[in-house]
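What follows is each chain in one-letter form.
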Amino acid sequence: MLLDSLKYAEDKGYTVCLVMQNGKSYVGEIEINNNSESLVINCDQGKIWTPLNQIKHSSTIVAAHF
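Residues numbered from 1 in each chain as written. Predicted model: local features only at pLDDT ≥ 70, side-chain atom pairs only at ≥ 80, totals over all residues. Heavy atoms only, no water.

Remarks on the environment of G23
Condition: Only DSSP runs of H or I with at least four residues qualify as helices, and only runs of E with at least two residues qualify as strands; both kinds are numbered from the N terminus onward.
Structurally, G23 can be placed in the loop between β1 (15-20) and β2 (25-32). For the pair formed by G23 and K56, sequence separation is 33 residues and the distance between their alpha carbons is 8.5 Å.

Quick word on the sheet that holds β2
For clarity, the threshold we go by: Criterion used throughout: strands pair if DSSP finds at least two bridges between them. Structural elements are reduced to axes, namely lines fitted to C-alpha atoms, with helices fitted over the stretch in contact, and the angle between N-to-C directions of any two is expressed from 0 to 180 degrees. We call two residues contacting when some pair of their heavy atoms lies within 4.5 Å.
Reading across the sheet, the five strands line up as β4-β3-β2-β1-β5 and stay open at both edges, with antiparallel pairing between neighbours. The open sheet has two free edges, formed respectively by β4 (46-51) and β5 (55-61), since each of these has just one partner strand. Averaged over all pairs of adjacent strands, the angle between strand axes in this sheet comes to 40°, irrespective of strand direction. Where β1 lies against β2, four bridges are found, and the strand directions are antiparallel. When the sheet's bridge partners are listed, L18 is paired in β2 with Y26. On top of the sheet, helix α1 (residues 2-12) reaches β1, β2, β3 (38-43) and β5; it is set at about 80° to β2, its chief contact.

Digging into the side chain of T50
With respect to the helices, strands and loops of the structure, T50 is situated in strand β4. Beyond its immediate chain neighbours, meaning those up to four positions away, T50 contacts M20, S38 and L39.

A few points about the environment of S59
Selection rule: Polar contacts here mean pairs of N or O atoms no more than 3.5 Å apart (in protein, one a potential hydrogen donor and the other a potential acceptor; neighbouring residues in sequence count only if both atoms are side-chain atoms).
Here S59 is to be found in strand β5. Not counting the four nearest positions on each side in its chain, S59 is found in contact with T15, V16 and C17. Separated by 3.0 Å, the side chains of S59 and H57 make a polar contact.

All quantities given are derived from atomic positions and should not be read as evidence of function.
Written out as structure tokens, the structure reads:
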């Protein structure tokens, strides 16, 4: 389920917030690697590579244009 929602966010170009097992959090756009076991998040800290099994929680941020 996590992978499906992350793939959807990647396809749509949505911003995601990832909370990692170690307590760190990152906000940015993601690129899932072909093996679907890791991803890269492009955030303020740069490009951060992380295995999917280290993600504790993810939220998708969808901008509302009024």
